[in-house]
Amino acid sequence: MKLEALGEFGLIRRILPHFPSPPEGQVGIGDDCAVLRQGNGEVLLVSTDLLLENSHFLLDRMRPEDLGYKALAVNLSDIAAMGGRPTGALLSLGLPKGLEVEWLDGFFAGMKELVESAGCPLLGGDTTRSRGGMVINVAVLGVARADEVKLRSGARPGDVIAVTGVLGDSGGGLNLLLEDLPREQADRKRLVEAHVRPRPHLEEGMWLGKRAEVGGMMDVSDGIDSDLRRMMEQAGVGMRVDLDRLPVSEELVRVSGSLGWNVRDLAATAGEDYCLVCTVAEGGFSKVAADFEARFGRRLTAIGRVEEGGELGYRWRGWDTQLAVHGFDHFRENGS
């Protein structure tokens with residue numbers, strides 16, 4: 001069997017039997033972060049992500065400042081997904097021959113912006129020469145109260161599924177970059193900015209972590225379609241999503257209309273928005289949503305329900321439907 005046929009989910013399931021389960025009270029493979037007990041009512045959160053040139057980023061279409069910022073942002077988003085606070089980061093770089101030192105200066109300047117605003121110091125790492133493209137690996141550390149950590153497995157039948165931001169903007173920005181389309185117009189600039197400078201929802205994650213009504217949580221990195229399937233697998237539940245309730249920006253609607261993109265497919269499958277998706281007990285959702293809006297000035301948007309069983313279904317204006325494409329999978333050629 002080829003890896004392409006196995007897919008990312010299949011690969012993870014194939015890895016698991018080779019290693020013992022973590023000790024009680026700790027969380028290993030299968031969530032946004034590893035969770036390690038500290039014995040003082042807190043847990044240590046650890047996550048790492050690998051970014052490869054021409055797979056995760058286009059070196060010739062991103063400013064070095066943006067790439068430095070994004071490399072840290074996507075990892076901080078994992079800490080946010082667990083309800084944690086970041087405490088430090090490690091950076092390893094595989095750098096190709098001929099890279100200009102001034103490019104590296106820009107990369108570190110962009111990363112420094114987020115290091116300072118998120119209170120997450122760079123603690124060390126490693127460098128080496130890459131004989132192919134650029135390789136960036138960031139590992140992040142964080143802390144959370146043990147009773148406030150949110151896991152993917154916390155979703156329960158009857159819960160409301162909700163997101164902390166709009167969906168699809170990053171995918172629209174990526175499309176503009178991939179197709180090398182003009183990007184000077186304000187709406188298009190906004191979409192590209194969403195792709196190259198995603199904001200990790202750290203404050204939102206810590207706030208939701210303190211709410212007992214919130215069950216499961218994760219960040220939206222590979223698209224709602226893929227990410228909800230991960231949550232379903234860990235929680236042993238099914239889900240149903242209302243595509244007409246997915247929150248999308250006016251900018252994405254306008255650009256999609258002018259270029260013939262399917263807005264709902266982008267919102268459900270494009271990924272890299274790095275907002276949070278969570279499940280909230282049905283009876284507590286109205287209160288949590290009202291408090292969220294009062295705290296952050298925008299909606300916690302309900303997009304569906306957790307159900308019994310193990311299927312992910314979609315509705316459009318009350319009618320069952322299907323997606324034309326599916327969320328991102330690192331090992332399948334078409335991302336389906």
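Residues numbered from 1 in each chain as written. Predicted model: local features only at pLDDT ≥ 70, side-chain atom pairs only at ≥ 80, totals over all residues. Heavy atoms only, no water.

### Remarks on the confidence of the model for the protein
Detailed reading of the predicted model is not advised wherever pLDDT is low. This prediction gives the protein a mean pLDDT of 90; 88% of its residues lie at or above 70. Per-residue pLDDT stays below 50 along residues 328-336; that stretch engages in 26 contacts with residues further than four places along the chain or on separate chains. (pLDDT = per-residue confidence, 0-100. Contact = heavy atoms within 4.5 Å.)

### Quick look at the sheet that holds strand E10 (residues 301-307)
Spatially, E7-E9-E6-E10-E8-E11-E12 is the arrangement adopted by the 7 strands of the open sheet, whose pairing is mixed. At either end of the open sheet lies a strand with only one pairing partner, and these are strand E7 (214-219) and strand E12 (319-321). Averaged over all pairs of adjacent strands, the angle between strand axes in this sheet comes to 30°, irrespective of strand direction. The pairing of E7 with strand E9 (residues 276-280) spans 4 bridges and is antiparallel. Within E9, the residue paired with Val214 across the bridge is Val280. Helix H2 (residues 64-81) rests against E7 and E9 of the sheet, and its axis sits at about 175° to E7. (Pairing = 2+ DSSP bridges. Helix = DSSP H or I, 4+ residues; strand = E, 2+ residues; numbered from the N terminus. Axes fitted to C-alpha atoms, helices over the stretch in contact; angles between N-to-C directions.)

### Observations regarding the packing of aromatic side chains
Counted under the stated rule, the structure contains 5 aromatic pairs. Here the aromatic rings of Phe107 and Phe108 are separated by 5.4 Å at their centres, their planes lie at 85°, and the arrangement is edge-to-face. Overall, the relative accessible area of 36% leaves Phe108 in the partly exposed class. Ring geometry for Phe292 versus Phe296: centroids 4.8 Å apart, planes at 45°, classification tilted. Taken together, the residues span about one helical turn, with Phe292 and Phe296 both in helix H10 (residues 285-296) at a distance of 4 residues. The exposure class assigned to Phe296 is buried, which follows from its relative accessible area of 17%. (Phe/Tyr/Trp six-rings, centres within 6.5 Å; stacked < 30°, edge-to-face > 60°. Buried < 20%, exposed > 50% of the residue type's maximum accessible area, 1.4 Å probe, protein only.)

### Some points on the pattern of salt bridges
A complete count under the given rule lists 27 salt bridges for this structure. Taking the shortest distance from any N to any O, the salt bridge between Arg63 and Asp66 comes out at 3.2 Å. We classify Asp66 as buried; its relative accessible area is 8%. Close ionic contact of Asp225 with Arg229 constitutes a salt bridge, the shortest N to O distance being 3.1 Å. Here Arg229 and Asp225 lie together in helix H7 (residues 224-235), a separation of 4 residues that amounts to about one turn. (Salt bridge = Lys/Arg side-chain N within 4 Å of Asp/Glu carboxyl O.)

### So, the sheet that holds strand E1 (residues 34-37)
One open sheet accounts for 5 strands, arranged E1-E2-E5-E3-E4; its pairing is mixed. Each end of this open sheet is capped by a strand with a single partner; those strands are E1 and strand E4 (122-130). For this sheet, the mean angle separating the axes of adjacent strands, direction not counted, is 15°. As judged from the 9 bridges shared by strand E3 (residues 85-96) and strand E5 (residues 135-145), these two strands associate in the antiparallel manner. Pairing of Gly88 across the sheet is with Leu141, part of E5. Contacting strand E2 (42-52), E3 and E5, H2 runs over the sheet at an angle of about 35° to E5.

### A few points about the pairing of E3
Alignment of E3 against E4, held across 8 bridges, turns out to be parallel. In the sheet register, Leu95 faces E4, and the bridge partner there is Arg129. Tracing the backbone out of E3, into helix H3 (residues 101-118) and back to the parallel element E4 gives a crossover that is right-handed. (Right-handed = clockwise from strand over helix to strand, strands pointing away.)

### Side note on the packing of H2 against H3
Relative to each other, H2 and H3 sit at 40°, their axes nearing to 6 Å. When the axes of H2 and H3 are compared, the pair comes out oblique. Read as a crossing pair, H2 and H3 show a hand that is right-handed. Together, Pro64, Glu65, Leu67, Gly68, Tyr69, Ala71, Leu72, Ala73 and Leu76 of H2 and Trp103, Gly106, Phe107, Gly110, Met111, Glu113, Leu114, Val115 and Ala118 of H3 make up the contact between the two elements. (Parallel < 35°, antiparallel > 145°, perpendicular 65-115°, else oblique. Left-handed = near helix turned anticlockwise from the far one by under 90°.)

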